[in-house]
Amino acid sequence: MLAARMHEFHKPLILEEVPVPEIKADEILVQVKAAGMCRTDVQLLDGYFRKYAESKFPLTPGHEIAGIVHKIGSLVPKSAGFEEGDQVVVVGGWGDGTCRHCQEGNTQICSHGQWPGFGPYGGYSEFVPVPSRYLIKVDKSLKAEELAPLTDAGLTPYRGIKKLRNAGALGPNRVLGVVGVGGLGAYAVQYAKLLGGGATVVAFARHPDKLAVAAEYGADHVISTKGKSTADIRKELNNAVGKGDLDAVIDCAGAPEMIRMGFELLAVGGHYSSVGLVGDQIDIPLFPFVAREYTYHGSFWGNYNDLSEIMALAAQGKIKHTVKSITLQDANENLELLRTGDIVGRAVIRF
């Protein structure tokens, strides 16, 4: 099969022929039809995760995967309901199955877990082996290039906004800020309207094309942050919604300057949910954090149930997509565009 593989840090992927993977008895061999390109893939190449986890080369990136069931392992139970030819999406976080988090269903935060796209097999290839319990069957009428991004870009902000909702941070007369309207933020705006309970949604970004996407996808107001101080942004926010602060924030960027801005705009008792990973450190003043009783939610990816809910919304036509379809041969060029922030929506490799 053809795969784009990483052999060392800070070097382009190498397109090469490799053997089709063998599957274990409890696995399903998925023929990849679409693989989303995530900024995390760029960070993997750039060594962002080296101090958190070891990388063994060669590895195949790509953790946003939609495809077709090609072969079923002998121990996959019939009750799982899979047949050859079924369209499926891959749940990203694979846990050890024994820890407390796995028992609660949050396999993506298992301390001994693994993820496709961070080892020998990933979506930047024509086939990938997946444990059957981490596959979700979806209707064949849905487009693979729209399904693949939902497994991370569409999943991660969904879980982050659910945390805000479940904490009581959303509802009528509340203002929810969506910080960053890249691959994740375009979905976050839509979930903010679906899950916000009537909250006013304000999107913040630097790029005018990304702000246009936010407006198209339902943001009540959009504000450009390019070249502006927090005081300038606060004034625009006040003109837009009648007050200069935010009751809640879903941060899809994770850039240090955007985090500082978000907290400077946060209202007393406000909630902040971080899902973006552009930067590597959080630097916010301690006294306002304590005295104003802020709540900071870390939110990582999503679990099987979260993704199942998203697939149901997609099947009902409630999620819009901004997708740039490319080929595997275009992977390195588009990774560079991701690095510079010049992709609107999600680049998706089609097979």
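Residues numbered from 1 in each chain as written. Predicted model: local features only at pLDDT ≥ 70, side-chain atom pairs only at ≥ 80, totals over all residues. Heavy atoms only, no water.

**Here we look at the pairing of strand 3 (residues 27–36)**
What counts, and what does not: Burial classification: accessible surface area is computed with a 1.4 Å probe over protein chains only, and a residue below 20% of its type maximum counts as buried, one above 50% as exposed, and the rest as partly exposed. Numbering of helices and strands runs from the N terminus, with a helix taken as a DSSP run of H or I at least four residues long and a strand as a DSSP run of E at least two residues long. One bridge is not enough; two strands pair if DSSP finds at least two bridges between them.
Counting buried positions along strand 3 yields 8 of 10 residues, so the element is predominantly enclosed. Here strand 3 runs beside strand 6 (residues 127–131); their pairing, made up of 5 bridges, is antiparallel. Bridging from a neighbouring strand, Val30 pairs with Val128 of strand 6. When strand 3 meets strand 4 (residues 64–72), the two strands line up antiparallel, connected through 8 bridges. The partner of Val32 across the bridge, within strand 4, is Gly67.

**Some points on the packing of aromatic side chains**
Heads up, the rule is: The aromatic pairing rule takes the rings of Phe, Tyr and Trp, using the six-membered ring of Trp, and pairs them if the centres are within 6.5 Å, calling planes under 30 degrees apart stacked, those over 60 edge-to-face and the rest tilted.
Applying the stated criterion across every chain yields a total of 14 aromatic pairs. A ring pair is formed by Phe263 and Tyr272, whose centres lie 4.3 Å apart and whose planes are at 15 degrees; its orientation type is stacked. Across the pair, exposure class does not vary: Phe263 and Tyr272 are buried alike. Each residue in the set Phe263, Tyr272, Phe289, Tyr294 and Tyr296 is aromatic and connected to the rest through ring pairs, giving one cluster.

**Let's talk about helix 5 (residues 185–195)**
Counting buried positions along helix 5 gives 9 out of 11 residues, so the element sits mostly inside the fold. Regarding helix 5, the residues found buried are Gly185, Ala186, Tyr187, Ala188, Val189, Gln190, Tyr191, Ala192 and Leu195. Among the residues trailing helix 5, Gly197 stands out with phi positive, at a value near 65 degrees.

**Some remarks on unusual backbone geometry**
Between Phe57 and Pro58 the backbone carries a cis peptide bond, its omega angle lying at -5 degrees. Positionally, Pro58 belongs in the loop between helix 1 (39–46) and strand 4. Although it is not a glycine, His10 sits at a positive phi angle of roughly 65 degrees. Within the secondary structure layout, His10 lies in the loop between strand 1 (2–5) and strand 2 (14–17). Backbone geometry at Glu293 places phi at a positive 55 degrees, although glycine is not the residue there.

**Structural notes on the sheet that holds strand 11 (residues 246–251)**
Using the following cut-off: An axis is simply a line fitted to the C-alpha atoms; with a helix, the fit covers only the stretch in contact. Between two such axes, the angle follows the N-to-C directions and lies from 0 to 180 degrees. In what follows, a contact means two residues having at least one pair of non-hydrogen atoms within 4.5 Å.
With parallel pairing, 6 strands are arranged side by side in an open sheet as 10-9-8-11-12-13. Every interior strand has two partners, whereas the edge strands, strand 10 (221–224) and strand 13 (295–298), have only one. When the angles between neighbouring strand axes are averaged without regard to direction, this sheet yields 20 degrees. Across 4 bridges, strand 8 (residues 175–179) lies against strand 11 in parallel orientation. For Val178, the partnering residue across the bridge sits in strand 11 and is Ile250. Sheet contacts for helix 5: strand 8, strand 9 (200–205) and strand 11; angle to strand 8, the most-contacted strand, approximately 165 degrees. Along the sheet face, helix 6 (residues 208–216) touches strand 9 and strand 10 and points at about 170 degrees away from the line of strand 10.

**Quick notes on helix 7 (residues 230–241)**
Put simply, the rule reads: Expected helix span is computed as 1.5 Å times (number of residues minus one). As used here, the arc is the angular range of directions from the helix axis to the C-beta atoms.
Compared with the 16 Å implied by 1.5 Å per residue over 12 residues, the 16 Å span of helix 7 between its first and last C-alpha is a close match. Every buried residue belonging to helix 7 is among Thr230, Ile233 and Leu237, and all of these are buried. Viewed end-on, helix 7 has its buried residues packed into an arc of 60 degrees, placing them on one side of the element. Structural note: helix 7 exposes Ala231, Lys235 and Asn239 on the side pointing more than 90 degrees away from its buried face. Buried residues in helix 7 make contact with strand 9, strand 10, strand 11 and helix 8 (256–264). With its phi angle positive at about 90 degrees, Gly242 sits one or two positions after the end of helix 7.

**Digging into the packing of helix 1 against helix 11 (residues 331–339)**
Where we set the bar: Each angle receives one of four descriptions, namely roughly parallel if under 35 degrees, roughly antiparallel if over 145, roughly perpendicular if within 65 to 115, and oblique otherwise. All residues other than Ala, Val, Leu, Ile, Met, Phe, Trp, Tyr, Cys, Pro, Asp, Glu, Lys and Arg, Gly among them, are scored as polar; the first ten of these are nonpolar and the last four charged.
Between helix 1 and helix 11, the least distance of the axes is 9 Å, while the angle of their chain directions is 95 degrees. By the angle between their axes, helix 1 is roughly perpendicular relative to helix 11. Together, Arg39, Asp41, Val42, Leu45 and Asp46 of helix 1 and Leu335, Leu338 and Arg339 of helix 11 make up the contact between the two elements. When its residues are assigned to classes, the contact of helix 1 with helix 11 shows 4 nonpolar, no polar and 4 charged.

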